[in-house]
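Secondary and tertiary structure notes
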Amino acid sequence: MMNHNNQWPLFLTLICVFFSIGGQAQAQMQPTDPVIHKMTGTLIGDYPLPNDVFVVVSLNDQTQHNQVVAKYKFHGDGLTLPIDFQLAYSESNIRQNHRYRIQAEIFEQGHLRYTGAGNAAELALEPDVYDGQIRMTPVNSASSH
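Residues numbered from 1 in each chain as written. Predicted model: local features only at pLDDT ≥ 70, side-chain atom pairs only at ≥ 80, totals over all residues. Heavy atoms only, no water.

Looking at an unreviewed UniProt entry, one finds the protein chain named YbaY family lipoprotein and attributed to Vibrio rhizosphaerae.

What follows is the structure, given as structure tokens:
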């Protein structure tokens, strides 16, 4: 006949092994953090901006009907062109063989006043490929109202 007092150390050992294996499996199943890339650029133009503007720069997947991959918005109070920007995006949102475009818009009192765009075609192969200038052009004021 087995002594019940001797079973406790064996039982405790089995419990510890069970929890340590479960912890390892859980650690292996946790997703990894997404890789974030940053691209920089400059909005350029030959004219002064109004005082109270709102700037929107977005990275769009042209292959997916201009689906927005990343967007950066900020108030440009008192800023003048050129304006530097940095756009962060997740590597997991970039697909091979897709075409990407940087779109920039400057709004004044809710109306689009300036627009510009630049190509960022090779993001899947070279994540930080875009480091350029976007020429901002005035939008016809009659069409922005």
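Read on for the rest.
A closer look at the pattern of salt bridges
Close approach of charged atoms allows side chains of opposite charge to pair. The criterion, for reference: The rule for a salt bridge is simple: a side-chain nitrogen of Lys or Arg has to be within 4 Å of a carboxyl oxygen of Asp or Glu. Helix and strand assignments come from DSSP, with helices taken as H or I runs of at least 4 residues and strands as E runs of at least 2, each series counted from the N terminus. We call a residue buried when its accessible area falls under 20% of the maximum for its residue type, exposed when it is over 50%, and partly exposed in between, using a 1.4 Å probe and counting protein chains only.
For the structure shown, the criterion picks out two salt bridges. With its nearest N and O atoms 3.7 Å apart, the salt bridge here joins Arg 135 to Asp 46. On the criterion of sequence distance, the pair formed by Arg 135 in strand S7 (residues 131-135) and Asp 46 in the loop between strand S1 (36-44) and strand S2 (53-61) is long-range, its members being 89 residues apart. Accessibility expressed as a relative area gives 67% for Asp 46, which makes it exposed. Salt-bridge contacts for Glu 108 lead to Arg 113; the nearest nitrogen and oxygen are separated by 3.1 Å.

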